[in-house]
Amino acid sequence: MADAKSQYILHTESVIKQYKQYDEVVTAVDRADIKIEEGEFVAIIGPSGSGKSTFLSCCAGLERVDAGHIYVRGQDITKMSFDELSRFRGQNMGFVFQRHNLIPQFTALENILIPTLMCNRKDGSYDETLRRLVNTLNIKDRLHHLPSELSGGQQQRVAIARALINMPQILFADEPTGNLDRANADEVLDLLIKTREEIGQTLVMVTHDMNIASRADRIFRMDNGILTLDRDYLDGKRKTITGY
Ligand code: ADP
């Protein structure tokens, strides 16, 4: 039987993450709770150094928490072994970062296909997804180029294709448009939102850009490791939706 937590695609309970810096302990994330429903677009905003990236990395299973629980599709990822977590991530999650972390020696196509290798997917099982992503992201004629031969916008589109090739149910994006100019940033965001609508994906995005955040269903604010829902934004959005 599905437990109550599985009604949310992402549900965190009192997550704490600390770092040691010299003699001091920095609490980067301080008892953060969030509940995100399948298909939602949630933005996390807040000042630099407030803990946004750390929280996102914890939710994505890239960092281990010091306390608390993180349920993704009802499963507590804080309890998983390294191997279980790697497999679970490959099957359920995608990641896009500000610095796209493409492997410089690999072509765009090879970079895009890395997650399929990690999930042991057979050749051909992702052909249709690849074709669609390459068309949507407009990178067809760049596939056999190295990252250094691509523009910043093209590199980020390749990183998005890599994040989406396994069609993850949840996509984590950390300032995905942070190093792009306005036109490229808008284009990349449009593509993320379009793909999300096509496959009913959940999108959790850290951004400092209110233009981007204002397209989310809900905005959370991180301040000194403390995460809160922006209720003013939510109420405004409800008014727009219901037409009051
Ligand atoms: P944001 O994404 O909001 O800019 P971060 O999550 O990157 O904030 O950082 C939150 C706090 O945690 C900061 O004080 C930062 O210096 C600290 N921090 C982040 N990562 C590390 C790390 N790997 N080692 C030590 N301190 C870190």
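Each remark here, short or long, concerns the structure printed above.
Here is a short report on the structure shown in this document. (Residues numbered from 1 in each chain as written. Predicted model: local features only at pLDDT ≥ 70, side-chain atom pairs only at ≥ 80, totals over all residues. Heavy atoms only, no water.)

## Here we look at the sheet that holds strand E2 (residues 24-36)
- The antiparallel open sheet is built from four strands, whose spatial order is E2-E1-E4-E5. Looking at which strands have only one partner, the edges of the open sheet turn out to be E2 and strand E5 (75-76).
- The sheet contact formed by strand E1 (residues 10-21) and strand E4 (residues 67-72) spans five bridges and is antiparallel. The residue of E4 that forms the bridge with His 11 is Tyr 71.
- Of the strands in this sheet, E1, E2 and E4 are in contact with helix H1 (residues 52-59), which crosses E1 at around 125°. (Pairing = 2+ DSSP bridges. Helix = DSSP H or I, 4+ residues; strand = E, 2+ residues; numbered from the N terminus. Contact = heavy atoms within 4.5 Å. Axes fitted to C-alpha atoms, helices over the stretch in contact; angles between N-to-C directions.)

## Describing the pairing of strand E8 (residues 202-206)
- Of all five residues that make up E8, five are buried, and the element is covered over most of its length.
- Here E8 shows two buried faces, one formed by Thr 202, Val 204 and Val 206 and the other by Leu 203 and Met 205.
- The sheet contact formed by strand E3 (residues 41-45) and E8 spans four bridges and is parallel. Along E8, the bridge assignment pairs Val 42 with Val 204.
- Pairing of strand E7 (residues 170-174) with E8 involves five bridges; the strand directions are parallel. Each bridged residue has a counterpart across the sheet, and for Asp 174 the counterpart in E8 is Val 206.
- Remark: the E7/helix H6 (residues 182-199)/E8 crossover connection has right-handed handedness. (Buried < 20%, exposed > 50% of the residue type's maximum accessible area, 1.4 Å probe, protein only. Right-handed = clockwise from strand over helix to strand, strands pointing away.)

## Considerations on the side chain of Thr 207
- Along the chain, Thr 207 turns up in the loop between E8 and helix H7 (210-213).
- On the basis of relative accessibility, which here comes to 2%, the residue Thr 207 falls in the buried class.
- Among the polar contacts listed, one links the side chain of Thr 207 to the backbone nitrogen of Asp 209, at a separation of 2.9 Å.
- Not counting residues within four places of it along the chain, the set of residues in contact with Thr 207 comprises Ala 43, Ile 44, Ile 45, Glu 175, Ile 212 and Ala 213. (Polar contact = N/O pair within 3.5 Å; in protein donor to acceptor, adjacent residues only side chain to side chain.)

## Things to note about the site of the ligand
- The environment of the ligand is formed by Tyr 19, Gln 21, Val 26, Ala 28, Pro 47, Ser 48, Gly 49, Ser 50, Gly 51, Lys 52, Ser 53 and Thr 54.
- Measuring from an oxygen atom of the ligand, one finds a backbone N or O atom of Gly 51 at 3.0 Å.
- In the complex, the protein chains occlude 64% of the 560 Å² of accessible area that the ligand would expose alone.
- It is H1 that provides the largest number of residues to the shell around the ligand, a total of three residues. (Near = heavy atom within 4 Å. Areas by Shrake-Rupley, 256 points an atom, 1.4 Å probe, with all protein chains shown as cover.)

## What about the packing of aromatic side chains?
- Per the counting criterion, the structure on display carries two aromatic pairs.
- Look at Phe 95 and Phe 97: their rings are 6.4 Å apart centre to centre, the planes differ by 0°, and that puts the pair in the stacked class.
- For the pair Phe 95 and Phe 172, a centre-to-centre distance of 6.4 Å together with 15° between the ring planes defines the contact as stacked. Of this pair, Phe 95 sits in strand E6 (residues 93-97) while Phe 172 sits in strand E7; the two residues are 77 residues apart in sequence, bridging distant segments of the chain. (Phe/Tyr/Trp six-rings, centres within 6.5 Å; stacked < 30°, edge-to-face > 60°.)

## Looking at the nonpolar core
- Residues Ile 112 and Met 205 are the most contacted members of the largest nonpolar core, which totals 40 residues.
- For this core, the secondary structure elements donating two or more residues are E3, helix H3 (108-118), helix H4 (127-136), helix H5 (152-164), E7, H6, E8 and H7.
- When residues no more than four places from it in sequence are discounted, the contact partners of Ile 112 are Leu 130, Ile 139, Leu 143, Val 158, Ala 161, Arg 162 and Ile 165.
- Formed by 30 residues, the second largest nonpolar core is a distinct cluster that contains Leu 85, Phe 88, Ile 170 and Val 206. (Core = buried A, V, L, I, M, F, W, Y, C linked by side-chain atoms within 4.5 Å.)

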